[in-house]
Amino acid sequence: MKTFDSLFAELTERAAIRPEHSGTVAALEAGVHAQGKKVLEEAGEVWIAAEYESDEKLSEEISQLLYRLQVLMLGRGLTLEDVYKYL
Ligand SMILES: N=c1c2ncn([C@@H]3O[C@H](COP(=O)(O)OP(=O)(O)OP(=O)(O)O)[C@@H](O)[C@H]3O)c2ncn1[C@@H]1O[C@H](COP(=O)(O)O)[C@@H](O)[C@H]1O
């Protein structure tokens, strides 16, 4: 099963290799403004799911939020260590 760290490693590789049909590459090319909007959008969906939807739907929305946060981290050139040091 994928983890936060293994997904980040996968996305870091996508950012370096830049495969043609990668949604991550497209999201990185869209820039930090668009990446930030996606974080906000997914956070809203997490909130709604937490109040009104099933555990499964909430889990899916949370996974998408984690993905969008990682895209933003890569967009800004942050590493996991940059964030983990504050945990
Ligand atoms: N975990 C994710 C992931 N979570 C969410 N998403 C993207 O976010 C979309 C869902 O978000 P939305 O609710 O905003 O849906 P949407 O508005 O229809 O999506 P968009 O049109 O805005 O892309 C999905 O369709 C994916 O495009 C993800 N895209 C990729 N990954 C993983 O990232 C890795 C690299 O993916 P690629 O770069 O696409 O190869 C793979 O392991 C993927 O599983």
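Residues numbered from 1 in each chain as written. Predicted model: local features only at pLDDT ≥ 70, side-chain atom pairs only at ≥ 80, totals over all residues. Heavy atoms only, no water.

Quick note on the threshold: UniProt positions are given in the numbering used here, feature names are shortened, and annotations may be inferred rather than shown by experiment.
Per an unreviewed UniProt entry, the protein goes by the name Phosphoribosyl-ATP pyrophosphatase and belongs to Lentzea albidocapillata. Under the UniProt heading Catalytic activity (unreviewed entry), the note attached to the protein is "1-(5-phospho-beta-D-ribosyl)-ATP + H2O = 1-(5-phospho-beta-D-ribosyl)-5'-AMP + diphosphate + H(+)". Its UniProt record gives the protein the following Pathway (unreviewed entry) comment, quoted word for word: "Amino-acid biosynthesis; L-histidine biosynthesis; L-histidine from 5-phospho-alpha-D-ribose 1-diphosphate: step 2/9."

1. Focus: the side chain of Q35
The cut-off we apply is this: Strands here mean DSSP runs of E at least two residues long; helices mean DSSP runs of H or I at least four residues long; both are numbered from the N terminus. Any N or O atom pair separated by 3.5 Å or less is treated as a polar contact, with the protein-specific requirement of one donor-capable and one acceptor-capable atom, and with residues adjacent in sequence counted only for side-chain atom pairs. Every residue pair with non-hydrogen atoms within 4.5 Å of one another is taken to be in contact.
In this fold, Q35 is placed in helix α3 (residues 31-52). Of note is the side chain of Q35, whose polar atom sits 3.0 Å from the backbone oxygen of A27. Once residues within four sequence positions are removed from consideration, Q35 is found in contact with A27, L28, V71, L72 and G75.

2. Digging into the site of the ligand
Keep this limit in mind: Nearness of a residue to a molecule or strand requires only that one of the residue's heavy atoms be within 4 Å of it. Residue burial considers only the protein chains on display, and all accessible areas are found by Shrake-Rupley using a 1.4 Å probe. The residue classification treats Ala, Val, Leu, Ile, Met, Phe, Trp, Tyr, Cys and Pro as nonpolar and Asp, Glu, Lys and Arg as charged. All others, Gly included, are polar.
What surrounds the ligand is a group of 15 residues, the closest being K2, E10, S22, T24 and K38. Between the ligand and K2 there is a distance of 2.5 Å, counted from an oxygen atom to a side-chain nitrogen or oxygen. In this structure, G23 approaches the ligand through a main-chain N or O atom, which is 3.1 Å from an oxygen atom. When isolated, the ligand has an accessible area of 810 Å², and the protein chains bury 54% of it. Here the shell around the ligand is composed, by residue class, of three nonpolar, four polar and eight charged.

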